[in-house]
Amino acid sequence: MSTSSAITVAGLHKSFGSTVALDGLDLEVRAGEVHGFLGPNGSGKSVTIRILLGLLRADSGQLEVLGGDPWSDAVELHRRIAYVPGEVNLWRNLSGGEVIDLLGRMRGGVDPVRRAELIERLDLDPSKKSRTYSKGNRQKVALVAALASPSDLLLLDEPTAGLDPLMEAEFQDLVTEAVGEGRTVLLSSHILAEVEKLCDRVTIIRKGRTVESGSLGELRHMTRTSVRVETERPVHGLQDAPGVYDFASRATESSFEVDGEQLGEVLGRIAEFGIVALTSQPPTLESLFLRHYGADGGGPPVQERPA
Amino acid sequence: MATATVAPVLGALENQPRSGPVTGWPSILRLQLRLDRIKSLVWIASVVALVVVSAISVSELYPDEASVQGYARLVSDNAAVVVQAGPGYGLQTDPSTGAVLMNELSLWTIVLVGLMSILLVTRHTRSEEETERAELLRSTPVGRHAAGLATMVNALLVNVVAAGAVILGTIASGFGAVGSIAFGLALCTSGLLFAAISLVAAQVAATGRAATGIGLAVLAVSFLLRAIGDVTGSFLTWLSPIGIGQGVRAFADERWWTPVLSLGLAAGVTWLAAVLAARRDFGAGMIPERAGRPAATRWMQGPFALALRLQRGALLGWFCGIVFFAAFYGALASEAEEMLADNPDLEQFFALSAGSSITDAFLASAVLILALLLAGYGISGVLRLSGEENNGRVEALLATPTTRTRWASSHLLVTAIGCVGVAAAGGLAVGIGAAVTTGDSSLVAEMLWALLAYVPAVGVLAGVAFVLWAWVPRLAILGWVGLVWSAVVGLLAQLLDLPDWVVSLSPLDHVPSLPAEGFEATGLVTMAAATVLLVAAGLVGFTRRDLGSS
Ligand SMILES: Nc1ncnc2c1ncn2[C@@H]1O[C@H](COP(=O)(O)OP(=O)(O)O)[C@@H](O)[C@H]1O
Ligand SMILES: [Mg+2]
C-alpha cells in the first residue's frame, strides 16, 4: 500500500446480525489532504469511521490507517489520531473544560495556549456542566479536545451539524490551518458548501458501497451544468438532444441542464438562435450528490429538480 | 389578509378537546406499557413465584397446630427473626399456618413490590427526562403532569395485577381467602406508597440515578424503622410504609384500616409530588445546577481518575447508606438478649448449641443483609461500564491511546476499592453499634472481619455481571440475577426448603457466617480465585468484541 496514503480501505464489509452496514466499501485518503466523506443517512459513514478507530471490528476487507491496523494497533494509532464523534455524549457531571483536559491528557498532553485560543475562537464557556450544554456546545467541546493536542489525522464525523454559521466559518478556518500544519482530515459531512470549500477530494458512498471518488474537478466533469438562456428566437429542437435534461422554455427564455461532455456542442446549437443573455451554473456537488442519492429511491429523482 | 388566515386556525383550535395539565396521559401510559411489557411481567412473575413457592413450602413444613406452635416458640422473642421477618402477628394468640407464612414472607414481598415500584417510577420520570426522546414527547400536546399521572397509573396497574395474582395464588395454595385478600391489599397499597415517594424523589433529585438512590434509601430506612419498632415494641413501626403494610395482620385478626392508611398516604404524597412538579423545569431537579470548574484538576489524569470521579456520588451514597443501616442494625443486638430472657424455650435452644449465642446469631444475620447490600453496590459499580458504553461516552475515551483493558479495569478497580471500603466501614459500624449497646468491645473487630469475609463472594457476583457485559452486553442486566438468587438463598432457604446444591450456587453461602460459625479459609480463597478468573475472562471478551454505540 502506498506510503503517501493516510487511510487505505478496500472491499470493507461489516454486518450487524442481518443488517449489512458496509458492503465492499473503498476509501483512500492521501496524506495531507482534506477528504470529504459523503453519503445519505444510514449509508455507513459512522460505521466506517468507528472501524477506522478500532471501535468496531471489520468482517472482511483491507484496512490500513497511518500504516497500521486499526484493530490491533489501536492504541499506538490513537496517539496520532483525533476524533470528533457524530453524536457527542459527555459526562453529565463534568464541565466542558474538564472533559477537554481529560481527553487531551489521555492523548499525551494539552497545549494550554492552544486550548485557550480554541476556546476563545469557538466562543465556548468551559465552566458549564456538560448536561447544560446545547448540541452545538457539546460539539465545540469535542472539537477543542481534538484540536488542542497534536495529531496527524483528524477523523471528523459530521462535526458541524450543530454549529451556527459563525462557528461554522471558524471551524473551516481551523480545518484549513490544521491541513496547513500538515495534518490529514477525513470529514464526513452533509453540508455540501462546506465540503466544496474545504475538501480536495471526496468519496461518496451509498448503502455501504463507494459510488464515486475523486477530486472535485474530476467529479464535476462527470456532472451537469445548468444553463439559463435568453435568445432572439425561441429555441427548438433541443428537447431531445443527447445530454440535455429538464429542458423548459417560455417564449424566448429557456433553461436546461447539460452533461459536461455535450456542453460545447449544445451551446453551438443555441448560438444559431441568437443569444441575448446567458447564465450558467457550474455543476455543484449538490447535483452530484442528488444524482447518486436519487438513483433508486432514497432521494428525490434528478428529473424532478426545478431547473 | 393576515387576520383572514388566522381566524379559521383559531376556530379549529377551539374545537379541540380542552387541554389541561394532564392532557395526553393515556397515550403516554400506552407507550410506557408497551416499553415495559417484558420488565413488568418479569417483576410480577417474580413476586407471585416468591409467594406461591413459599406458600406451598410453608404448608408442608407447618401442616398442623403442633408444628406451628413449635415455630412460634422459636420465633417469638428472637430478635434475629423479628428483624429479618416480622413481629409474629397472631403467633401467640391464634397460631395458624397463615400466620407463619405472613411472618416469614410479608416483609420481603413488600420490599420486592417497593423495589419494583421505585424503579418503575424513576425509570419513567426522572431518568426518562434525561433522554432526548422525552423532549420530543413533551413537545407534542401533553400536559405538564401527564407523564407523572401516566406513571402512577402504570404503577397502580402493575401493583394491582401483582396483588391480584398473589391473592389467587395464596388461595390456590390452600390458604384462607380473607387473609389472602388482606395480604394482597397490603402489597398493592404499599407498592403504591413507594411509587408515590419515588415520584417525589424524582422531582427533587438532579438526576435519575440520584432519584433512584433516594427511593432506595427510603426503602432501607423503612426496613430499619419497622425493625427497631418491632424489636423494641415502639411506635416506630408506624412510621415505616413496610411496617404499615405488615400491620394488616393477614391471617391474624385482620386490621383493614392499614391498607386504607397506605392508600391515603400514597394519595397525599402523590399530591405533594404534583405540587413540586409544577415548580420545577423540565429536565432539572429542584436543586439548581452549579457551574463546574473551567479546567480539570491536576489529578484528573486518566481513566482511573475519571472512573473514580464518575462513581464518587454512587459510592458516597452506598457508603453512607450502609454505614447508617449497619450502625442501627448493630445497636439492636442488646435487644436480642433482652427478648430472649422472656422465652425459656429459645434460651435453652441457644444454650444447647455450643459456641453460639443469640447475639452471635443476630449479628450474623445482620452481616448477611449487609453483604447483600454490598453485592448490590458491587454489581451496580461494575454495570457502570455498561451505562458508559450505552450512552456512547466511552467512544471518545477509547479513541485516545487508552486500551480497553485499562478503561474497564479502572472501573473494576474503583468498584473493588469501594467494596472493601464499604465492607470495612459497614462492619465497623455494626460492631460499634453492637459494642455500645451490649458493652462487649470485642465485637468491633469481630464484625469488621465478618463483613470483610464476604468481599470475595461479592467479587464473584460482580465478576459474573462483568463477564456477561463483556461478552454479551445485552445480557449485562442479568448480572442482577446472581444477587437475587443469593438473597433468596440467604434469607429464605429454610422457608423454601431448597435442596443443598441449589443453595450452594449462591457464592454468599460459602462464606462462614461469622461470628455464629467458626472461621474457614478455603471458601474465601476459592472465591477470590474465581473472582480473578472471571475478571480475566471478561477482559478477554471485551477486547474482542465491537463497541456498542448510542
Ligand atoms: N451497532 C449497530 N447495530 C446494528 N446496526 C447498526 C449499528 N450501527 C450502525 N448500524 C446500521 O448500519 C448502517 C450504517 O449506519 P451509520 O454508519 O451510522 O450511517 P451514517 O452514514 O448515517 O453515519 C445503518 O443502517 C445503521 O442502522
Ligand atoms: Mg453518522
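Not measured: the values here are computed from a predicted model.

A.B. asks: Could you clarify how one ought to interpret the site of ligand 1 in this entry?
C.D. replies: All names here are of chain A. By nearness alone, every residue bordering ligand 1 is listed as Phe16, Ala21, Pro40, Asn41, Gly42, Ser43, Gly44, Lys45, Ser46 and Val47. Here an oxygen atom of ligand 1 sits 2.8 Å away from a polar atom, N or O, in the main chain of Val47. Within the complex, 66% of the 560 Å² of free accessible area of ligand 1 lies under protein. With 3 residues, helix H1 (residues 45–52) is the single largest residue contributor to the shell around ligand 1. Classifying every residue of the shell around ligand 1 gives 4 nonpolar, 5 polar and 1 charged.

A.B. asks: Any chance you could explain the sheet that holds strand S7 (residues 184–188) of chain A here in plain terms?
C.D. replies: Backbone-to-backbone hydrogen bonds pair the strands of a sheet. The strands run either parallel or antiparallel. All names here are of chain A. Taking strand neighbours across the sheet as the criterion, the 6 strands line up as S5-S6-S7-S3-S8-S9 in an open arrangement whose pairing is mixed. Whereas interior strands pair on both sides, the edge strands pair on one side only; in this sheet they are strand S5 (81–84) and strand S9 (209–215). For this sheet the average axis-to-axis angle between neighbouring strands, irrespective of direction, equals 15°. Inspection of the sheet shows strand S6 (residues 153–157) paired to S7 by 5 bridges, in the parallel sense. Each bridged residue has a counterpart across the sheet, and for Leu156 the counterpart in S7 is Leu187. Where H1 meets the sheet, it contacts strand S3 (34–38), S5, S6, S7 and strand S8 (201–206), and its direction lies at approximately 150° from that of S6.

A.B. asks: What am I meant to see in the packing of helix H3 (residues 96–106) of chain A against helix H5 (residues 135–147) of chain A here?
C.D. replies: Pairs of packed helices are described in terms of their axes, by the angle between the two and the distance that separates them. Residues and elements named next belong to chain A. Direction vectors running N to C along H3 and H5 enclose 30°, while the axes themselves pass 9 Å from each other. Taken together, the axes of H3 and H5 lie roughly parallel to each other. For the crossing formed where H3 meets H5, the hand is right-handed. When H3 is examined against H5, the residues Gly96, Val99, Ile100 and Leu103 are found in contact with a partner set consisting of Val141, Val144 and Ala145. Per-class residue counts for the contact of H3 with H5 are 6 nonpolar, 1 polar and no charged.

A.B. asks: Help me understand the packing of helix H3 (residues 65–75) of chain B against helix H5 (residues 97–124) of chain B in this model?
C.D. replies: Residue and element names in this part refer to chain B. Their axes nearest at 9 Å, the elements H3 and H5 cross at an angle of 35°. In the crossing of H3 with H5, the sense of the turn from one axis to the other is left-handed. For the pair H3 and H5, the contacting residues are Val68, Tyr71 and Val75 in the first and Thr97, Val100, Asn103 and Glu104 in the second. Within the contact of H3 with H5, the residues separate by chemical class into 4 nonpolar, 2 polar and 1 charged.

A.B. asks: Before we go on, may I ask you to explain H5 of chain B in this structure?
C.D. replies: Turn by turn, an α-helix covers 3.6 residues, leaving residues three or four places apart pointing in a common direction. All names here are of chain B. Over its 28 residues, H5 extends 39 Å from the first C-alpha to the last, a length consistent with the 40 Å expected when each residue adds 1.5 Å. Of all the bends in H5, the largest measures some 45° and sits at Leu105. Counting buried positions over the 28 residues of H5 gives 24, a clear majority of the element.

A.B. asks: Would you mind going over H5 of chain A with me for this structure?
C.D. replies: All names here are of chain A. If you check H5, its first and last C-alpha atoms are 18 Å apart, about what 13 residues at 1.5 Å a residue would give, namely 18 Å. For H5, the tally of buried residues reaches 11 of 13 residues, placing the bulk of the element in the interior. For H5, every residue scored as buried is listed here: Gly136, Arg138, Gln139, Lys140, Val141, Ala142, Leu143, Val144, Ala145, Ala146 and Leu147.

So, how was this worked out
- Residues numbered from 1 in each chain as written.
- Chains lettered and ligands numbered in written order.
- Predicted model: local features only at pLDDT ≥ 70, side-chain atom pairs only at ≥ 80, totals over all residues.
- Heavy atoms only, no water.
- Near = heavy atom within 4 Å.
- Polar contact = N/O pair within 3.5 Å; in protein donor to acceptor, adjacent residues only side chain to side chain.
- Areas by Shrake-Rupley, 256 points an atom, 1.4 Å probe, with all protein chains shown as cover.
- Helix = DSSP H or I, 4+ residues; strand = E, 2+ residues; numbered from the N terminus.
- Nonpolar A, V, L, I, M, F, W, Y, C, P; charged D, E, K, R; others polar.
- Pairing = 2+ DSSP bridges.
- Axes fitted to C-alpha atoms, helices over the stretch in contact; angles between N-to-C directions.
- Contact = heavy atoms within 4.5 Å.
- Parallel < 35°, antiparallel > 145°, perpendicular 65-115°, else oblique.
- Left-handed = near helix turned anticlockwise from the far one by under 90°.
- Expected span 1.5 Å × (residues − 1).
- Bend = angle between axes of the 7 residues up to and from the residue.
- Buried < 20%, exposed > 50% of the residue type's maximum accessible area, 1.4 Å probe, protein only.

Any functional reading would require information that these geometric values do not contain.
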